[in-house]
Amino acid sequence: AQSVTQLDSQVPVFEEAPVELRCNYSSSVSVYLFWYVQYPNQGLQLLLKYLSGSTLVKGINGFEAEFNKSQTSFHLRKPSVHISDTAEYFCAVIGTISNFGNEKLTFGTGTRLTIIP
Amino acid sequence: DGGITQSPKYLFRKEGQNVTLSCEQNLNHDAMYWYRQDPGQGLRLIYYSQIVNDFQKGDIAEGYSVSREKKESFPLTVTSAQKNPTAFYLCASVPSWGYGYTFGSGTRLTVV
């Protein structure tokens, strides 16, 4: 089984400043990692994912994340945020060693990003 | 356009009443999932289904029931046994060949 920790429940950032949202995971097997964004009263939208290859992953809306296996982290970053980035962000993990359907995505508790004009 | 449709967007339930939330997908995905979202608790898995006519309990299945009679549809019934049903409910699906979940836009259920 896996677990995900998002240490910051809320992150306020001034517009055009950089931001980092932290995600740490725990797993006894190799994992795939995801970041999702949720705007108010909407479903989750995939921002980016790490499956294999380069540990630096680029996603939509200018976000990127870096997989660090030794630190079991997958922090999300953006060099310059915009008002429209105000949303809740969820980190998620799933084990790679599985038959389809036997493992499910495990989500963190989310980080609410608020952009200050 | 392919996607997942959840209805209704808002739902009000009286005490002791059963209600059913609809989830329909036209993505030809095999697996479907129901999550409950409460403030500060992230997403918690209620039920999931990998194939038609088969489903498994998730972490918080008590007070809920599901069916999977068609590949496209995975309705969730919130029964009167669920003592605290007020929450945001999300449906998701994934193909057998991938790991990227696609989510619906959610149903907000409120007990009145």
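Parameters at a glance
- Residues numbered from 1 in each chain as written.
- Chains lettered and ligands numbered in written order.
- Predicted model: local features only at pLDDT ≥ 70, side-chain atom pairs only at ≥ 80, totals over all residues.
- Heavy atoms only, no water.
- Helix = DSSP H or I, 4+ residues; strand = E, 2+ residues; numbered from the N terminus.
- 1 Å grid on protein atoms, 1.4 Å probe; cavity = no way out; pocket = protein on both sides within 12 Å on 5 of 7 lines; lining within 4 Å.
- Points joined across faces, edges and corners; volume = space filled by probe spheres on them.
- Nonpolar A, V, L, I, M, F, W, Y, C, P; charged D, E, K, R; others polar.
- Disulfide = S-S within 2.5 Å.
- Buried < 20%, exposed > 50% of the residue type's maximum accessible area, 1.4 Å probe, protein only.
- Contact = heavy atoms within 4.5 Å.
- Buried area = accessible area lost by both parts, 1.4 Å probe.
- Salt bridge = Lys/Arg side-chain N within 4 Å of Asp/Glu carboxyl O.
- Polar contact = N/O pair within 3.5 Å; in protein donor to acceptor, adjacent residues only side chain to side chain.

## Looking at the environment of B:Glu62
For B:Glu62, the location among the structural elements is in the loop between β6 (56–57) and β7 (64–66). Distance in space between the C-alpha atoms of B:Glu62 and B:Val78 is 9.5 Å, their sequence separation being 16 residues.

## Looking at the layout of surface pockets
Reported here for the largest pocket is a volume of approximately 480 Å³. Lining the largest pocket are 25 residues, with A:Gln38, A:Glu88, A:Arg112, B:Gln37 and B:Pro39 positioned closest to its centre. Of all the secondary structure elements, the ones that give two or more residues to the lining of the largest pocket are β10 (87–95) and β12 (111–116) of chain A together with β9 (87–94) and β11 (107–111) of chain B. Here the residues of the lining of the largest pocket are counted per class, giving nine nonpolar, 12 polar and four charged. Forming the walls of the second largest pocket are 13 residues, and the residues nearest its centre are A:Lys104, A:Leu105, A:Thr106, B:Leu45 and B:Asp59. Counting only elements with at least two residues in the lining of the second largest pocket, the list comes to β11 (106–107) of chain A together with β5 (43–49) of chain B. When residues of the lining of the second largest pocket are assigned to their parent elements, the largest contribution, four residues, is made by β5(B). A breakdown of the residues in the lining of the second largest pocket according to their chemical character gives six nonpolar, three polar and four charged.

## Some words on the state of the cysteines
In protein structure, a disulfide is the covalent linkage between the sulfur atoms of two cysteines. Applying the stated criterion across every chain yields a total of two disulfides over all chains. Paired by a disulfide, A:Cys23 and A:Cys91 hold their sulfur atoms 2.0 Å apart. On the sign convention where negative is left-handed, the bridge of A:Cys23 and A:Cys91, at about -65° about the S-S bond, is left-handed. Here A:Cys91 lies in strand β10 and A:Cys23 lies in the loop between β3 (19–21) and β4 (24–26), a separation of 68 residues in the sequence. Here A:Cys23 falls in the buried class, since its relative accessible area comes to 0%. In this model B:Cys23 forms its disulfide with B:Cys91; the gap between the sulfur atoms is 1.9 Å. Because the torsion about its S-S bond is -75°, the bridge between B:Cys23 and B:Cys91 counts as left-handed.

## A look at the interface of chain A and chain B
With 21 residues of chain A at the contact, the number on the chain B side is 26 residues. Summed over both sides, the interface of chain A with chain B buries roughly 1800 Å², with 60% coming from carbon and sulfur. Taken together, the links from chain A to chain B amount to zero salt bridges. Here chain A is connected to chain B by six residue pairs in polar contact (both at pLDDT 80 or more). Within the residue set of the side of chain A that touches chain B, elements represented by two or more residues are β5 (31–38) and β10 of chain A. Among the elements that take part in the side of chain A that touches chain B, β5(A) stands out by supplying four residues, more than any other. Of the residues belonging to the side of chain A that touches chain B, the class tally is nine nonpolar, 11 polar and one charged.

Keep in mind these values describe shape, not function.
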